Amino acid sequence: MPGVKSYLQEDWAIVVLGFLIILLSLAGVHVALPDYKWSTTGDLTTKVLTGANFLKIGAQFIYVLLVALLGSFLTGRSLKNTLLVFPAVFILTTLALIVAGNAALNELGLEAVIFSLIIGLLIGNLFKLPTWFREALTSEFFVKIGLVLLGTTVIFSDVLKAGSLGLIQALVVVLSVWYFSYWVCKQLKIDKELTMMLSSAVSICGVSAAIATSGAIKGDSKKLSLVISLVLITAIPMMIFMPMIAHHFRFPEEVTGAWLGGSIDTTGAVVASGSLVGETALKISTIVKFSQNVLLGIAAFAISVYWTYTKHPNAADKEQKPTLKVIWDRFPKFVIGFIIASLVFSFLLSPAAIAPVKGSLKSLQGLWFALAFTSIGLETNFKDLIGTESRKPVYAFLIAQTFNVIVTLILAYLLFS
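These figures come from a predicted structure and were not determined experimentally.

Reading guide: rules and limits
- Residues numbered from 1 in each chain as written.
- Predicted model: local features only at pLDDT ≥ 70, side-chain atom pairs only at ≥ 80, totals over all residues.
- Heavy atoms only, no water.
- Phe/Tyr/Trp six-rings, centres within 6.5 Å; stacked < 30°, edge-to-face > 60°.
- Salt bridge = Lys/Arg side-chain N within 4 Å of Asp/Glu carboxyl O.
- Helix = DSSP H or I, 4+ residues; strand = E, 2+ residues; numbered from the N terminus.
- Buried < 20%, exposed > 50% of the residue type's maximum accessible area, 1.4 Å probe, protein only.
- Contact = heavy atoms within 4.5 Å.
- Expected span 1.5 Å × (residues − 1).

### Regarding the packing of aromatic side chains
Aromatic ring pairs are described here by two measures, namely the spacing of the ring centres and the angle between the planes.
So, step 1. Tallied over the full model, the rule gives 14 aromatic pairs.
So, step 2. Three or more aromatic residues joined by ring pairs make a cluster, and in this case those are Phe 61, Phe 86, Phe 90, Phe 142 and Trp 368.

Pasting the structure below:
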């Protein structure tokens, strides 16, 4: 906004806010976690839709609203628009969390972010939202805070407990699937921006990787919405049918876990599908998924360097080749927050210090992600998702995902059988 002072570049503001939340948690500032779990209508009315639970939801709302307002202040956004828009996004997100809290949907592994996206899409497309409202939505801001908090759950010691096998599989899968996806997109003549996001989503860790890549290349939010929708939609049949295929062919649990963790693109879906197979499969699938998450920061850095040298306007001018400063300017700084958070929680804090904050940080991470997906839905037009120009990316995603499933199964057998 003209005339509004910005104190920090957005990604740095996100790092500051992410670590403010972490430091407050470590200092003992815990917001009571609302209860969204229910099985029957009786549970819904006596556990979720109660005065006490609404007070917890209200306390959480005030907490995240203050963080959002501070973010708007630091980046020069309109505080008035944030005050008007954020409550509406929070209410829709709370509705999604209540729906996702149903036990039957929980067993299917359907995460809150899926319902957040659906509700946002329905509201955004059935009602004509004012332009100022759409412009005030900050989906990337929310999801990047969630990504910084995600770093607190990527504990290197947990990854290493499964030995180096999970990391080896993750590295081989990421490299091979990324390049195959890139090649498919090139054959289908998909633009480079969408190609980078799609390839990262399929090969690394789904939604988080797509957003990190979009941040690294300053990607189009409409293209990001398409990729995110593809990730979430394909994860549902994969998490249901892959355990059934593994059972039919009698794959060992270790192999099945490694296959699920390396192929399915959302952590919730990985956990749900691993649970359908058994305890060993659940453990291995989670470790493999975390191993891929570890590679997120490295991948974002590599992509930002590549993008700077191939797409920056000065790259074509031999006298003005991109400098280290240009690379640094374009690097997504929130990834630094993710990496530092992971290193601090992996090596500097004791398990005794982590235990009390683990639940609240995980809950806040999930809330920021859910707020982001509600915003993405509100920002997105159905026509952008189902238009004819979207068919090629859909074909590319499905081809690359099929390749991912096959390669990961082969590697799982070689490394874990």
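Next comes the rest of the account.
### Observations concerning the pattern of salt bridges
So, step 1. According to the stated counting rule, one finds four salt bridges in the structure shown.
So, step 2. With its nearest N and O atoms 3.9 Å apart, the salt bridge here joins Glu 10 to Lys 144. With Glu 10 in helix H1 (residues 10-26) and Lys 144 in helix H8 (residues 139-150), this pair connects stretches of sequence that are 134 residues apart.
So, step 3. Owing to a relative accessible area of 23%, Glu 10 belongs among the partly exposed residues under this scheme.
So, step 4. Residues Lys 144 and Asp 11 are paired through a salt bridge, measuring 3.2 Å at the closest nitrogen-oxygen approach. Highlighted residues: Lys 144 in helix H8 and Asp 11 in helix H1, separated in sequence by 133 residues. Summarising the burial analysis for this pair, Lys 144 and Asp 11 share the class buried.
So, step 5. Connected via shared salt-bridge partners are Glu 10, Asp 11, Arg 77 and Lys 144.

### Thoughts on the environment of Lys 144
So, step 1. Residue class for Lys 144 comes out buried when judged on its relative accessible area of 5%.
So, step 2. In this structure the C-alpha to C-alpha distance between Lys 144 and Ala 212, which are 68 residues apart in sequence, comes to 8.1 Å.
So, step 3. With near-sequence residues (within four places) excluded, Lys 144 lies in contact with Glu 10, Asp 11, Ile 14, Gly 215 and Phe 334.

### Structural notes on H1
So, step 1. Taking 1.5 Å per residue, 17 residues should reach 24 Å; H1 reaches 24 Å between its end C-alpha atoms and fits that length.
So, step 2. For H1, the elements touching its buried residues are helix H3 (51-75), H8, helix H18 (334-348) and helix H19 (351-379).
So, step 3. Of the residues flanking the end of H1, it is Gly 28, one or two places downstream, whose phi is positive at about 100°.

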